[in-house]
Amino acid sequence: MNTRKVVPPGSKNSPEVRFHRPPFGSLKHLLAGVLLLATMVTGVCVLAAQEKAKLPGEDWVSLFNGTDLTGWVKVGKESWTVEDGLIHGKGLTQDYGYLETEKNYKNFQLSLRFKCVGDGNSGVFFHTDFKPRSVDTTQGMQFEIDCTMMHHTGGVYGEDGRGWVVWPAPENEGVVRMGEWNDYLVEVIGNRYRSRLNGVQMVDFTDPNPSSFDGKIALQLHSGGQGNMEFKDIWIRDLSAK
């Protein structure tokens, strides 16, 4: 028969278990390190948030670098070149021609300057898309550009088959200037379209029957081969995430 001798705790022959308490100084340093790390992480997050969320007025982005057509895509056979820091669009055939952005834009403010060098019609298309290898639009709207009197620059034309949806007030038809630089500001927020030409508000229209809400922005040369337009100082403020 096997027997086991029980050794009472605290006796001379009982094993001794020792617990080591860390020095107070080491614990203090550990807590300080954790606090420093948390502070650094918080600071990085704050800086990242500040870089991501720019203040209103500081969130404009240039769409034209003044050197080449980076960020833009030609649609059609018309001529789009960069000359002396501006975009020059010129009709070569009897067809339409476009210069569209690579990116889609939903809600935005777009500021640019344009000059009608010759005859012909132009425009700023938005929420636009095209059939593959074609100048035919499948969706979109247009802010009109035409330096001829009573051709409704600043008005909105529907590429969805509706045609004109809003014109400027009659007294503002003469705001556009032929052969001079014109300042153009257009805004699209949902189904509300606004335009301002040379400091004058042209339209403020809420579309009751919108057909598109997202797509490319495009500069246009109208069909007929007479288009001769210059553009510069093209800036956008993307409001889609706001």
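See the structure shown above.
Report on the accompanying structure. Values in this document were obtained by computation on a predicted structure and should not be read as measured data. (Residues numbered from 1 in each chain as written. Predicted model: local features only at pLDDT ≥ 70, side-chain atom pairs only at ≥ 80, totals over all residues. Heavy atoms only, no water.)

### With respect to the overall build of the chain
Check the secondary structure of the chain and you find 1 helix and 15 strands. For the chain, long-range pairs separated by at least 24 residues make up 63% of all intrachain contacts whose partners lie at least 6 apart in sequence. For the chain, the accessible area works out to roughly 14,700 Å², and carbon and sulfur atoms hold 55% of it. (Helix = DSSP H or I, 4+ residues; strand = E, 2+ residues; numbered from the N terminus. Contact = heavy atoms within 4.5 Å. Areas by Shrake-Rupley, 256 points an atom, 1.4 Å probe, with all protein chains shown as cover.)

### Looking at the nonpolar core
Counting residues in each nonpolar core, the largest one holds 39 residues, and the members touching the most others are L110, F114, F231 and I234. The element that contributes the greatest number of residues to this core is strand 6 (residues 108–116), accounting for 5 residues. With near-sequence residues (within four places) excluded, I234 lies in contact with V61, S62, L63, F64, W72, I87, L110, S111, L112 and L219. Formed by 6 residues, the second largest nonpolar core is a distinct cluster that contains V75, F125, F130 and V135. (Core = buried A, V, L, I, M, F, W, Y, C linked by side-chain atoms within 4.5 Å. Buried < 20%, exposed > 50% of the residue type's maximum accessible area, 1.4 Å probe, protein only.)

### Details of the state of the cysteines
Throughout the structure, instances matching the rule amount to 1 disulfide. Across the disulfide, C116 is cross-linked to C147 (sulfur-sulfur distance 2.0 Å). In this structure, the disulfide formed by C116 and C147 twists by about 75° around the S-S bond and is classed as right-handed. Here C116, found in strand 6, pairs with C147, found in the loop between strand 8 (137–145) and strand 9 (156–158); they are 31 residues apart in sequence, far enough to count as distant. With respect to class, C116 is no different from C147; both count as buried. (Disulfide = S-S within 2.5 Å.)

### A look at the sheet that holds strand 9
Strand order in this open sheet of 7 strands is 2-5-14-7-8-9-10, and the pairing throughout is antiparallel. One side of each edge strand has no neighbouring strand; the edge strands of this open sheet are strand 2 (72–75) and strand 10 (163–166). Each strand of the sheet is rotated relative to its neighbour by a mean of 30°, with strand direction disregarded. Relative to strand 9, strand 8 runs antiparallel, the two sharing 3 bridges. When the sheet's bridge partners are listed, F143 is paired in strand 9 with V156. (Pairing = 2+ DSSP bridges. Axes fitted to C-alpha atoms, helices over the stretch in contact; angles between N-to-C directions.)

### Let's talk about the packing of aromatic side chains
Here the distance between the centres and the angle between the planes together describe a pair of aromatic rings. The tally for this structure, following the rule as stated, stands at 10 aromatic pairs. Counting every residue linked through ring pairs, the aromatic cluster contains F108, F126, F143, Y193 and F205. Directly above the aromatic system of W181 lies the positively charged group of K232, at a separation of 4.3 Å from the ring centroid. (Phe/Tyr/Trp six-rings, centres within 6.5 Å; stacked < 30°, edge-to-face > 60°. Lys NZ or Arg CZ within 6 Å of the ring centre and 35° of its normal.)

### Considering the side chain of N198
One can find N198 in the loop between strand 12 (192–197) and strand 13 (200–206). Of the polar contacts made by the side chain of N198, one reaches the backbone oxygen of V175; its length is 3.1 Å. Polar contacts involving the side chain of N198 include one to the side chain of R177, which spans 3.3 Å. In this view, N198 contacts V175, V176, R177, W181, N182 and D183; residues no more than four positions away in its chain are not counted. (Polar contact = N/O pair within 3.5 Å; in protein donor to acceptor, adjacent residues only side chain to side chain.)

### A short note on the pairing of strand 3 (residues 79–83)
Taken together, the 5 bridges between strand 3 and strand 4 (residues 86–90) define a ladder with antiparallel strand orientation. Within the sheet, the bridge partner assigned to V82 lies in strand 4 and is I87. The turn joining strand 3 and strand 4, which pair antiparallel and follow one another in sequence, is formed by 2 residues; a positive phi near 55° is taken by D84.

### Thoughts on the environment of V156
Within the secondary structure layout, V156 lies in strand 9. Filtering out sequence-adjacent residues up to four positions away, V156 remains in contact with M141, Q142, F143, G163, W164, V165, V166, Y193 and V203.

### Notes on unusual backbone geometry
Residue H127 is not a glycine yet carries a positive backbone phi of 50°. Along the chain, H127 falls in strand 7 (residues 122–130). The residue M150 is not glycine, and still its phi comes out positive at about 65°. Tracing the backbone shows M150 in the loop between strand 8 and strand 9. Judged by its relative accessible area of 56%, M150 is exposed.

### Description of the pattern of salt bridges
One pass over the structure, following the stated rule, counts 8 salt bridges. R162 is the partner of D207 in a salt bridge, and the nearest nitrogen-oxygen pair spans 2.7 Å. Of this pair, D207 sits in the loop between strand 13 and strand 14 (216–221) while R162 sits in the loop between strand 9 and strand 10, placing them 45 residues apart in sequence. Classification of R162 as partly exposed rests on a relative accessible area of 32%. Beyond isolated ion pairs, a larger network of salt bridges with shared partners links R113, D183 and D233. (Salt bridge = Lys/Arg side-chain N within 4 Å of Asp/Glu carboxyl O.)

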